[in-house]
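Architecture at a glance
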Amino acid sequence: MKTSIPQGARAPHLWEALLSLFSLVVGIGVSIVMYGLDPHVPMLLGVVVASIIALRCGFKWINIQNGMIRGVTAALPATIILIIVGILIGVWILAGVVPTLIYYGLSILSPSIFLPAVLIICALTSLATGTSWGTSGTVGVALMGIGAGLGFPLPIVAGAVLSGAYFGDKVSPLSDTTNMAPAMVGTDVFTHIRHMSYTTSVSFGLTMIIEIFLGLKYCATEDNLERIELILQTLEQNFNINPVLFLPILVVLFVSYRKVPAIPGIALGAIAGAICAVG
């Protein structure tokens, strides 16, 4: 988001910009680490310091206020997406979409390929939907349940879920943050993704090697097989397990393929889940 400097004002010096940044970082760090407080007050103080520096640089208050409004406006789509993702997660669990994923996942995935599969599944889901939180709260929850049934330590499974979810989110053209970052600096989203891929692809490759190595350390034992059978029976008794419940997932993937924007696309997934829950 490029803005012209008003007449009579100047760009801040490097030390002024760093002072504004450090006042925010140090304030939040001291507040959380030393006093265990919420970051709201130090964030407000950081805004005050930034405003004082802007006034020192010759900006009028109306310029500072308009800058704040533009920043909030740019962040609103991300906030709306987070709200809709929360609705999506709750509806999919209520409808039985997540339990259905767990049920069929336990029936199909084997321990030797489980962790690499988790990484790839979460990466593709985030890439298609543009939301790491939505992936972690739906498919990720299902994969955590599958991992517990297969006898994997949950922290290891969670690491694979988050690694895949955040990688897919960072390189997805539907992601809120991936769109907001280039919008702030005046470039296009695909240039931003191309430059991010130089580091994210290396991280993803190293993570894949680690997950393959960890996956080879685990194999299905008799106790794990009995635990899996018990989980399957419990899911059948408490949830509606039906292949039809894959429909909301297919809806989200389809609208993503059709390049529908993230907000209506995720909302359609939530609506499809609600229809399945009522039906």
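Notes on the structure follow.

Cut-off values and rules
Residues numbered from 1 in each chain as written. Predicted model: local features only at pLDDT ≥ 70, side-chain atom pairs only at ≥ 80, totals over all residues. Heavy atoms only, no water. Helix = DSSP H or I, 4+ residues; strand = E, 2+ residues; numbered from the N terminus. Buried < 20%, exposed > 50% of the residue type's maximum accessible area, 1.4 Å probe, protein only. Contact = heavy atoms within 4.5 Å. Lys, Arg positive; Asp, Glu negative; His and termini not counted. Charge placed at Lys NZ, Arg CZ, Asp CG, Glu CD. Phe/Tyr/Trp six-rings, centres within 6.5 Å; stacked < 30°, edge-to-face > 60°. Axes fitted to C-alpha atoms, helices over the stretch in contact; angles between N-to-C directions. Parallel < 35°, antiparallel > 145°, perpendicular 65-115°, else oblique. Left-handed = near helix turned anticlockwise from the far one by under 90°. Nonpolar A, V, L, I, M, F, W, Y, C, P; charged D, E, K, R; others polar. Core = buried A, V, L, I, M, F, W, Y, C linked by side-chain atoms within 4.5 Å. Expected span 1.5 Å × (residues − 1). Arc of directions from axis to C-beta. 1 Å grid on protein atoms, 1.4 Å probe; cavity = no way out; pocket = protein on both sides within 12 Å on 5 of 7 lines; lining within 4 Å. Points joined across faces, edges and corners; volume = space filled by probe spheres on them. Polar contact = N/O pair within 3.5 Å; in protein donor to acceptor, adjacent residues only side chain to side chain.

**Considering the overall build of the chain**
The helix and strand inventory of the chain stands at 13 helices and zero strands. Moving toward the C terminus, one meets the helices and strands of the chain in the order α-α-α-α-α-α-α-α-α-α-α-α-α. The C-alpha extent of the chain, read off along each of the three principal axes, is 75 × 40 × 40 Å. Among the 279 residues that make up the chain, the fraction classed as buried is 38%. Here the contacts in the chain between residues at least 6 apart in sequence split such that 75% fall between residues at least 24 apart. Taken together, the 11 basic and 11 acidic charged side chains of the chain have centroids lying 25 Å from each other.

**A few points about the packing of aromatic side chains**
For the structure shown, the criterion picks out two aromatic pairs. Taking 5.1 Å as the distance between ring centres and 35 degrees as the angle between the ring planes, the aromatic pair formed by F114 and F152 counts as tilted. Here F114, found in helix α5 (residues 111-129), pairs with F152, found in the loop between α7 (139-150) and α8 (154-170); they are 38 residues apart in sequence, far enough to count as distant. Note on accessibility: F114 and F152 belong to one class, buried.

**Some thoughts on the packing of α7 against α8**
The N-to-C vectors of α7 and α8 enclose an angle of 150 degrees; their axes lie 9 Å apart at closest approach. It follows from the interaxial angle that α7 and α8 lie roughly antiparallel. For α7 against α8, the interelement crossing comes out right-handed. Residue-level contacts link G140, L143, M144, G147 and A148 of α7 to L154, V157, A158 and V161 of α8. Class assignment of the residues belonging to the contact of α7 with α8 gives a composition of seven nonpolar, two polar and no charged.

**Some thoughts on the nonpolar core**
By size, the foremost hydrophobic cluster in this structure holds 38 residues, and its most contacted members are W92, I102, F114, L115, V118, L143 and I146. Elements that contribute at least two residues to this core include exactly α3 (61-95), α4 (97-108), α5, α7, α8, α11 (222-238), α12 (247-257) and α13 (262-278). A9, A54, C57 and I64 belong to the second-largest nonpolar core, a separate cluster that totals six residues.

**Side note on the packing of α12 against α13**
Look at α12 against α13: their axes get within 8 Å of each other, and the N-to-C directions meet at 160 degrees. Between α12 and α13, the angle falls in the class roughly antiparallel. You can see that α12 and α13 cross each other, and the crossing is right-handed. The residues of α13 that touch α12, namely those facing P248, V251, V252 and V255, are G265, L268, G269, A272, G273 and C276. Per-class residue counts for the contact of α12 with α13 are seven nonpolar, three polar and no charged.

**A short note on α13**
Helix length check: α13 (17 residues) gives 24 Å between terminal C-alpha atoms against 24 Å at 1.5 Å per residue, within 8%. Here α13 has its buried residues at A262, G265, I266, G269, A270, A272, G273 and C276. The arc that holds every buried residue of α13, seen down its axis, measures 155 degrees, which confines them to one face. In this structure, α13 carries I275 and V278 as exposed residues pointing more than 90 degrees from its buried face.

**Considering the layout of surface pockets**
Of the voids in this model, the second largest pocket is the one considered here, and its volume is about 430 Å³. Lining the second largest pocket are 24 residues, with L101, I121, V139, F246 and I249 sitting closest to its centre. Only α3, α4, α5, α6 (132-137), α7 and α12 provide two or more residues apiece to the lining of the second largest pocket. A class-by-class count of the residues in the lining of the second largest pocket yields 17 nonpolar, seven polar and no charged.

**Examining the environment of R56**
With respect to the secondary-structure elements, R56 resides in helix α2 (residues 40-56). Overall, R56 belongs to the exposed group, its relative accessible area being 52%. Once the C-alpha coordinates of R56 and G151 are considered, the two residues, 95 residues apart in sequence, prove to be 60 Å apart. Once residues lying within four places of it in the same chain are set aside, the contact partners of R56 are R10, W15 and E16. Polar contacts involving the side chain of R56 include one to the side chain of E16, which spans 2.3 Å.

**Focus on the side chain of D169**
Position of D169 among the secondary structure elements: in helix α8. What makes D169 buried here is its relative accessible area of 5%.

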